[in-house]
Amino acid sequence: MASSSSLSSTPFPISLYPKTVRSKPLKFRVLTRPIKASGSDLAVENRTGSKDLPIRSIPGSYGLPIVGPISDRWDYFYNQGPEEFFKSRIRKYDSTVFRVNMPPGAFIAENPRVVALLDGKSFPVLFDVDKVEKKDIFTGTYMPSTELTGGFRILSYLDPSEPKHAKLKTLLFFLLKSARNRIFPEFRATYSELFDSLEKELSLKGKAEFGGSSDAAAFNFLAKAFYGTNPADTKLKADAPGLITKWVLFNLHPLLTAGLPRIIEEPLLHTFSLPPALVKSDYQRLYDFFFDSAGEILVEADKLGISREEATHNLLFATCFNTWGGMKILFPNMVKRIGRAGQKVHIRLAEEIRSVIKSNGGELTMGSIEKMELTKSVVYECLRFEPPVPAQYGKAKKDLVIESHDAAFKVKAGEVLYGYQPLATRDPKIFDKADEFVPERFVGEEGEKLLGNVFWSNGRETETPTVGNKQCAGKDFVVLVARLFVIELFRRYDSFDIEVGKSALGSSVNFSSLKKASF
């Protein structure tokens, strides 16, 4: 196989060499009693937006204790589904900002009450760590037991004001930097094997299931790129995707529906936390793999003053939960969206990708990828249309005034803010044809101006992760591997057909045809 990368002359994305930004600890107060919308006038400097919109009381209701949260939970999971749950309330209150209960409630989350932010103007306050606290709110109104992460509060649950946040995020930047020369060759080798296996399955069965094969390929790629280790040569063998899926379920089950009858699913998944002891041995196998494989990274942890045990649990979480979990959702969603875009779009992508690689002497480099305007736009459009992590949370550190497009709303310190990202990034007041998948949306100067309204990374696409914010440390890595996936797909195939089903995490996708490259 010809070399697929040339990184020696092309620097890796800038966010892997972040400027250190240290945050001073911020004081805040938490109110545990029910919060009313009324209050004293708020300081002008705590207001988001233009300051020209009228103040409006936040509409919505939390309902009666116990009854209100359960009613909202049933609407969210069973009666309406997440998207209609929010859209129906937008219509009811004539507002994209309102009060509502978020799952799970009951005995898992002490307080399910949030202020929902469902437009592209109000949503970004969730990124401002001067205004919102991110402590223990990564998964929302509840936090999974630290028994699921070796007894440690992992980086995702830390606020930037906490001393360990900067050290742990610096360690992840080092992990990404150390992998830069392995990413291109390992991705091509791994995903060439994936497509070979899909072709064989398709010829035997008439269709090829993408999800399971993609999950295995994603972990193998990450293990080889990040740690230089082939899981097949370790005690872990091919077991990682199953172990991770089970462990993620124990972390996220209060937020998922498995398609079971409500009478079974409610007490099983949404009322009590599943016992961490049931996945302890599975998690230990994963931990042992990372501890044995992360030698260079653990040496860096020593230098940063992080214990090797804590570093290993964080590397496991970042690799398995954040990155592998993101790829598990993103890649099938990309296949679905690009598949539905049709043959004309497929041919345009194939022509662009092959012509750029040919003009670069058959080599794929960071510089050549930057010339693939449609490819880049398609990836951003996938991240805009169906972001892999739909929810963002934050707790107001101080009294705020938050603006939507139409009004301003007073929020009290201690209130939990919630954003449902698919509605924020499909805001019709920001994007034309907001509910349509437009492959060329981000092409050209005007298209690039819209990237600031793509929020999948817990920050704007135009911003850079630092130790002082909560934007995904691997933001540029995820965008890169998503582009590499599209490139490998259309290096091999002119077009493809798919069948799509539902999945608890992302989409279930089968290939029904793969039309090999003809030019």
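As the structure is a prediction and not an experimental result, all values here were calculated from the model.

K.L.:
Run through the pattern of salt bridges, naming residues and quoting values.
P.N.:
Summed over the entire model, instances satisfying the criterion amount to 38 salt bridges. Among the ionic pairs, Arg89 bridges to Asp72, the shortest N-O distance being 3.5 Å. Here Arg89, found in helix H2 (residues 82–93), pairs with Asp72, found in helix H1 (residues 67–79); they are 17 residues apart in sequence, far enough to count as distant. In this structure Arg89 comes out as buried when scored by relative accessible area, which is 10%. Note that Glu461 is salt-bridged to Lys475, the shortest N-O span being 3.7 Å. With Glu461 in the loop between helix H15 (444–449) and helix H16 (475–492) and Lys475 in helix H16, the pair connects residues that are 14 residues apart, well separated along the chain. A relative accessible area of 7% places Glu461 in the buried class. A relative accessible area of 4% means that Lys475 is categorised as buried. Taken together, the salt bridges that share partners define one network made up of Glu83, Lys87, Arg426 and Asp435.

K.L.:
Help me get a handle on the sheet that holds strand S2 (residues 113–117), residues and values and all.
P.N.:
Judged by pairing direction, the sheet is mixed, and its five strands sit side by side in the order S1-S2-S8-S5-S3 without closing on themselves. Of all the strands in the sheet, just strand S1 (97–101) and strand S3 (132–133) have a single pairing partner and so form its edges. Pairing geometry for S3 and strand S5 (residues 391–396), over two bridges, is antiparallel. Opposite Glu133, over in S5, you have Lys395 as the bridge partner. Packed on one face of the sheet, H2 meets S1 and strand S8 (416–420) and runs near 130° to S1.

K.L.:
So, unusual backbone geometry: which residues are in play, and what are the values?
P.N.:
With omega at 10°, the peptide bond leading from Pro103 into Pro104 counts as cis. With phi around 50°, Ala106 is a residue other than glycine that occupies positive phi space. Position of Ala106 relative to the elements: it lies in the loop between S1 and S2. Positioned with a positive phi, Lys237 is a non-glycine residue whose angle comes to about 55°. Residue class for Lys237 comes out partly exposed when judged on its relative accessible area of 49%.

K.L.:
How would you explain the state of the cysteines if you had to name every residue and give the values?
P.N.:
Counted under the stated rule, the structure contains zero disulfides. No disulfide involves Cys320; its nearest neighbouring cysteine sulfur is the one of Cys472, lying 15 Å away. On the basis of relative accessibility, which here comes to 0%, the residue Cys320 falls in the buried class.

K.L.:
With reference to specific residues and values, describe the sheet that holds strand S4 (residues 208–209).
P.N.:
Spatially, three strands are ordered S4-S10-S9 in an open sheet, and the strand pairing comes out antiparallel. Two strands close off the open sheet at either side, each with one partner strand: S4 and strand S9 (493–502). Relative to strand S10 (residues 507–516), S4 runs antiparallel, the two being bridged by two bridges. Among the inter-strand pairings, Glu209 is bridged to a residue of S10, identified as Asn510.

So, how was this worked out
- Residues numbered from 1 in each chain as written.
- Predicted model: local features only at pLDDT ≥ 70, side-chain atom pairs only at ≥ 80, totals over all residues.
- Heavy atoms only, no water.
- Salt bridge = Lys/Arg side-chain N within 4 Å of Asp/Glu carboxyl O.
- Helix = DSSP H or I, 4+ residues; strand = E, 2+ residues; numbered from the N terminus.
- Buried < 20%, exposed > 50% of the residue type's maximum accessible area, 1.4 Å probe, protein only.
- Pairing = 2+ DSSP bridges.
- Contact = heavy atoms within 4.5 Å.
- Axes fitted to C-alpha atoms, helices over the stretch in contact; angles between N-to-C directions.
- Disulfide = S-S within 2.5 Å.

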